[in-house]
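# Observations on the three-dimensional arrangement
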Amino acid sequence: MVRRTTGPEIERLIQLLAKLPGLGPRSARRAALHLIKNREKLLLPLSSAIDEARDKVSVCSSCGNADTVDPCTLCADPRRDRGVICVVEDVGDLWALERAGAWNGLYHVLGGTLSAIEGVRPEDLSIGRLIDRSAAGAVREVVLAVNATVEGQTTAHYIIDRLKGLGIATSRLAHGVPVGGELDYLDEGTLTQAMKARRPS
Ligand SMILES: [Zn+2]
C-alpha cells in the first residue's frame, strides 16, 4: 500500500504544479512546500493573481495575443507601425520579440504550425484572419517570424504563397535563428539581429 504523506488537497496542488512547463514532480513538491510555508507573502497573492487572470485574460480578436483588453495593448498602441505585421507561432514568441524590443509593428499569432503528421490544416490556425487583416488595411509587409523547424518553414511557405497573390511583400527572419531553434529560447540580441537582417521571400 502507498503510504500517504499529505492530505489530498496538498497532493492535488503538487500534481497541478507538476503540469507547469519546467516543473517535474520533485520541483513541484518543493514549490508547493515553499507556497505553504509562505502563506502571506506568496500563497495568498498567487492565488488571487490566478483568480484575476482567470476572470480577465482574453485573446485579442485581432492578433491573438493574450491580454486583459480586446483589442490588446499592442494592437491599440497608436505609436506602432500598422503597415507591418509580424507572424509568430505562439504568444510566447510574441512576448520574446517584445522583450527584445525587436519589433515596432503589429503581430499575428498563428496558434501553431501546419503539420501533416498531427493533422493540423490551414483552417485550424488563424491563417484566414491573417489574410483578411493583410488584405483589408494598409499593410505593406508581413514578416514570417516562425521557428526554424520543418513545420515552421512549411507554414511560412504556405502563408507567403497566399500573400503573394495579394501583392503584399513578405520577409523572413535571417541568420541568428539556429536550425531547429525556438524563438522563445533565443537571447534578445540574437532575436533583434535576426529581425533587422530579415530578407525578402
Ligand atoms: Zn492584438
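Residues numbered from 1 in each chain as written. Predicted model: local features only at pLDDT ≥ 70, side-chain atom pairs only at ≥ 80, totals over all residues. Heavy atoms only, no water.

## What to know about the overall build of the protein chain
The line we're drawing: Strands are runs of DSSP state E lasting at least 2 residues, helices are runs of H or I lasting at least 4, and numbering of each runs from the N terminus. Partly exposed describes any residue whose relative accessible area lies between the buried limit of under 20% and the exposed limit of over 50%, with all areas from a 1.4 Å probe on protein chains only and scaled to the type maximum. By definition in these notes, contact holds between two residues if any of their heavy atoms fall within 4.5 Å. Note on areas: Shrake-Rupley with a 1.4 Å probe; residue coverage comes only from the protein chains shown.
Check the secondary structure of the protein chain and you find 8 helices and 7 strands. The dimensions of the protein chain, computed from C-alpha atoms along their principal axes, are 65 × 35 × 35 Å. Within the protein chain, the proportion of its 201 residues that are buried is 38%. Expressed as a percentage of contacts within the protein chain between residues at least 6 apart in sequence, the contacts between residues at least 24 apart total 56%. By element, 56% of the accessible surface of the protein chain is carried by carbon and sulfur atoms, the whole surface being about 12000 Å².

## Remarks on the coordination of the zinc ion
Stated precisely, the cut-off is as follows: Any N, O or S atom lying within 2.8 Å of the metal counts as a donor, with the limit raised to 3.2 Å for Na, K and Ca; because water is left out of the atom set, some sites can appear incomplete. In this scheme the shape depends on donor count and angles: four donors with every angle between 85 and 135 degrees give tetrahedral, four or six donors with opposite pairs above 155 degrees and others between 65 and 115 give square planar or octahedral in turn, and any other case is irregular.
At 2.3 Å from the zinc ion lie its protein donor atoms, namely Cys60 (SG), Cys63 (SG), Cys72 (SG) and Cys75 (SG). If you look at the zinc ion, its 4 donor atoms make angles of 104 to 115 degrees with each other, and the shape they trace is tetrahedral. Each donor residue of the zinc ion belongs to the same chain, and together they define the spacing C-x2-C-x8-C-x2-C. Owing to a relative accessible area of 0%, Cys72 belongs among the buried residues under this scheme.

## Details of the environment of Tyr185
Along the chain, Tyr185 turns up in the loop between strand E6 (169-172) and helix H8 (188-196). A residue is classified by how much of its surface remains accessible, and Tyr185, at 70% relative accessible area, is exposed. Sequence-wise, Tyr185 and Arg4 are 181 residues apart; in three dimensions their C-alpha atoms are separated by 38 Å.

## Concerning the nonpolar core
Stated precisely, the cut-off is as follows: Buried residues of nine kinds, namely Ala, Val, Leu, Ile, Met, Phe, Trp, Tyr and Cys, make up a nonpolar core once their side-chain atoms join them within 4.5 Å.
Ranked by internal contacts, the top residues of the largest apolar core, which has 25 residues, are Cys86, Leu97 and Met195. With 5 residues, the top contributor of residues to this core is helix H5 (residues 91-100). Residues in contact with Leu97, not counting those within four places in the same chain, are Cys86, Val88, Ala102, Trp103, Tyr107, Ala145, Leu191 and Met195. In this structure, Leu110, Leu114, Leu125 and Ile168 belong to the second largest nonpolar core, which totals 18 residues.

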